[in-house]
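Below, each chain spelled out in residue letters.
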Amino acid sequence: MTGVPASAAGGPSGARAAGAAPGGMPASGRAVAREARGTAPGSSGGGPRRGASGRGPGGARTHGDEAVPVTASHDGVDAEDGTKPARGAKIAAAAVNQASVWNIANLLTMLRLLLVPAFVMLMLAEGGYDPAWRSFAWAAFAIAMITDLFDGHLARTYNLVTDFGKIADPIADKAIMGAALICLSLLGDLPWWVTGVILGRELGVTLLRFLVIRYGVIPASRGGKLKTLTQGIAVGMYVLALTGWLATLRWWVMAAAVVLTVATGLDYVKQAIVLRRQGIAERAAALEETEA
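Because the structure is predicted, anything quoted here is derived from the model rather than measured.

A. Local environment of helix H5 (residues 104-124). Helix length check: H5, at 21 residues, gives a terminal C-alpha distance of 31 Å against a target of 30 Å (1.5 Å per residue), a fit within 8%. At Val116, H5 shows its maximal bend, which comes to roughly 30°, and the proline Pro117 appears one to four places after that position. Where H5 is concerned, the buried positions are Ala105, Asn106, Leu108, Thr109, Met110, Arg112, Leu115, Val116, Phe119 and Met123. In the core, the buried residues of H5 are packed alongside helix H6 (131-157), helix H7 (163-186) and helix H9 (222-239). The opening residue of H5 is Asn103, an N-cap whose side-chain oxygen sits 3.1 Å from the backbone nitrogen of Ala105.

B. A look at the packing of aromatic side chains. All told, the structure shown has three aromatic pairs when counted by the stated rule. Lying across the ring of Tyr238, Arg250 places its NZ or CZ 4.5 Å from the centre.

C. Structural context of the side chain of Arg112. Counting through the fold element by element, Arg112 comes out in helix H5. For Arg112, a relative accessible area of 0% corresponds to the buried category.

D. Spatial organisation of H7. Compared with an ideal rise of 1.5 Å per residue, which puts 24 residues at 34 Å, H7 spans 35 Å between its outermost C-alpha atoms and is within 8% of the ideal. Taken together, the buried positions of H7 are occupied by Gly165, Ala168, Ala172, Ile176, Met177, Gly178, Ala179, Ala180, Leu181, Cys183, Leu184 and Ser185. In the core, the buried residues of H7 are packed alongside H5, H6, helix H8 (192-211) and H9. One or two residues past the end of H7 sits Gly188, with phi positive at roughly 85°.

E. Fine view of a positive patch on the surface. Residues Arg214, Arg276, Arg277 and Arg283 make up a contiguous surface patch of positive charge. Position of Arg277 among the secondary structure elements: in helix H10 (residues 245-291).

F. Main features of a nonpolar patch on the surface. A grouping of Trp102, Ile104 and Leu107 is seen on the molecular surface, where their side chains present a nonpolar patch of about 330 Å² in accessible area. Take Ile104: its relative accessible area is 44%, and that puts it in the partly exposed class.

G. Examining the nonpolar core more closely. Judged by nonpolar contacts, the single largest core of 29 residues is most densely connected at Phe119, Met123, Phe141, Ile176, Leu190, Val235 and Met254. Going through the elements one at a time, H5, H6, H7, H8, H9 and H10 are the ones with two or more residues in this core. If you tally residues by element for this core, the top one is H7, at seven residues. Aside from chain neighbours lying at most four places away, what touches Met254 is Leu190, Val194, Ile198, Ala234, Val235 and Tyr238.

H. Spatial organisation of the confidence of the model for the protein. Looking at the protein as a whole, its pLDDT mean stands at 75, while 66% of the residues score no less than 70. H5 holds the highest mean pLDDT among the elements of the protein, 93, whereas helix H2 (residues 12-18) holds the lowest, 40. Per-residue pLDDT stays below 50 along residues 38-82; that stretch engages in 53 contacts with residues further than four places along the chain or on separate chains. Residue range residues 90-99 is modelled with pLDDT below 50. Its contacts to residues more than four positions away, or to other chains, number zero contacts.

I. A look at the pattern of salt bridges. By the definition in use, this model includes seven salt bridges. Residue Arg112 pairs with Asp148 through a salt bridge whose shortest N-O separation is 3.7 Å. Linking Arg112 in helix H5 with Asp148 in helix H6, this pair joins segments that are 36 residues apart in sequence. For Arg134, the salt bridge identified is with Asp189, shortest N-O distance 2.9 Å. Residue Arg134 is located in helix H6, and its partner Asp189 is located in the loop between H7 and H8; the two are separated by 55 residues in the primary sequence. Here Arg134 falls in the buried class, since its relative accessible area comes to 4%. The exposure class assigned to Asp189 is partly exposed, which follows from its relative accessible area of 24%. Because the salt bridges share partners, they merge into one network encompassing Arg112, Asp148, Asp151, Asp169 and Asp173.

Reading guide: rules and limits
- Throughout, residues of each chain are indexed from 1 in the direction in which the sequence is written.
- Two thresholds apply to this predicted model, a pLDDT of at least 70 for residue-level local features and 80 or more for giving and counting side-chain atom pairs, whereas whole-chain, interface and lining totals are computed over all residues.
- To obtain the side-chain values, all non-hydrogen atoms of the structure were included, while hydrogens and water were left out.
- Secondary structure elements are taken from DSSP: a helix is a run of H or I of four residues or more, a strand is a run of E of two residues or more, and numbering for both begins at the N terminus.
- By this rule, a helix spans an expected 1.5 Å times one less than how many residues it contains.
- Fitting axes to the seven residues ending at a residue and to the seven starting there, one defines the bend at that residue as the angle between these axes.
- Between buried and exposed lies partly exposed: a residue is buried under 20% and exposed over 50% of the maximum accessible area for its type, with that area taken using a 1.4 Å probe on protein chains only.
- By the convention used here, residues are in contact when the closest approach between their heavy atoms is within 4.5 Å.
- The definition of a polar contact used here is a pair of N or O atoms within 3.5 Å, where within protein one atom must be able to donate a hydrogen and the other to accept one, and adjacent residues in sequence count solely through side-chain atom pairs.
- The criterion for an aromatic pair is that two Phe, Tyr or Trp rings (for Trp, the six-membered ring) have centres within 6.5 Å, with stacked assigned to planes under 30 degrees apart, edge-to-face to planes over 60 apart and tilted to the rest.
- Should the NZ of a Lys or the CZ of an Arg lie within 6 Å of a ring centre and within 35 degrees of the ring normal, that charge is described as sitting over the ring.
- The patches reported here contain residues having more than 30% relative accessible area and no salt bridge. Joining distances are 9 Å for like charges and 5 Å for nonpolar side chains (Val, Leu, Ile, Met, Phe, Trp, Tyr).
- Surface exposure here means Shrake-Rupley accessible area, sampled with a 1.4 Å probe, where a residue is shielded only by the protein chains that are shown.
- The salt bridge criterion pairs a side-chain nitrogen of Lys or Arg with a carboxyl oxygen of Asp or Glu, the two atoms within 4 Å.
- Residues scored as positive are Lys and Arg, those scored as negative are Asp and Glu, and His as well as the terminal groups of each chain are ignored.
- The atoms used to mark charge sites are NZ of Lys, CZ of Arg, CG of Asp and CD of Glu.
- Here, nonpolar core refers to any group of buried Ala, Val, Leu, Ile, Met, Phe, Trp, Tyr and Cys residues whose side-chain atoms link them within 4.5 Å.
- Think of pLDDT as the predictor's per-residue confidence, scored from 0 to 100.

Listed below in structure tokens is the structure:
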């Protein structure tokens, strides 16, 4: 024995007593190095285990150096905590969708539908020739026409478009205008042929839209909007018990409304024919590409 301490001589017992690893690095230093390299204790090679897969913090699946989040399966399991949603969640969502029918745009449309019978009763009250009752009928007709201007704008602006609105809005438009025209013709204030031309055009265009809807949608034109405005003004003037030059003026306004009604109706027929031809041509071209 030379008297050299065992730790200096590199003996195993002395090395363990000094807390050093066989490689000359303290045990705490090796742990820090493993954490820095991302190597799990007991792994070989000293490098990160890139090919291994396991579970990381929060239930994430680890693949190499990246943590891949666990996504939800298609059986309704929540993506974050792995739990299924509440049993009534889908029912609640369906209830919310149904409640969306009761929006301001649809309420205005419903109001317009309710004004139709009210307008008829006011228009025909006291034989239909009382100026006071005719004024009340005009007020109901004016409110209905004003709501027609706002409900569609609100539905498009605030994303309140619903299936109910798509069906009920045109029905309400045709109902209030048809009721006014028929009442005026029944009272002898408006020739029946005028009522027939206007109502025939409205029903014909509506039917035409349904016939070509599989090929596309016929957009509303400026002429159609001008026609609607002119019709509303003309019918409103006829509802009021006007005399003198105002009675003559309303005749000219109604004449302009009839001309616009016929012209825009013919334009819709033309658009429908063009749309149908384009749709048939596109389908034929698609069929040829499929066969080729």
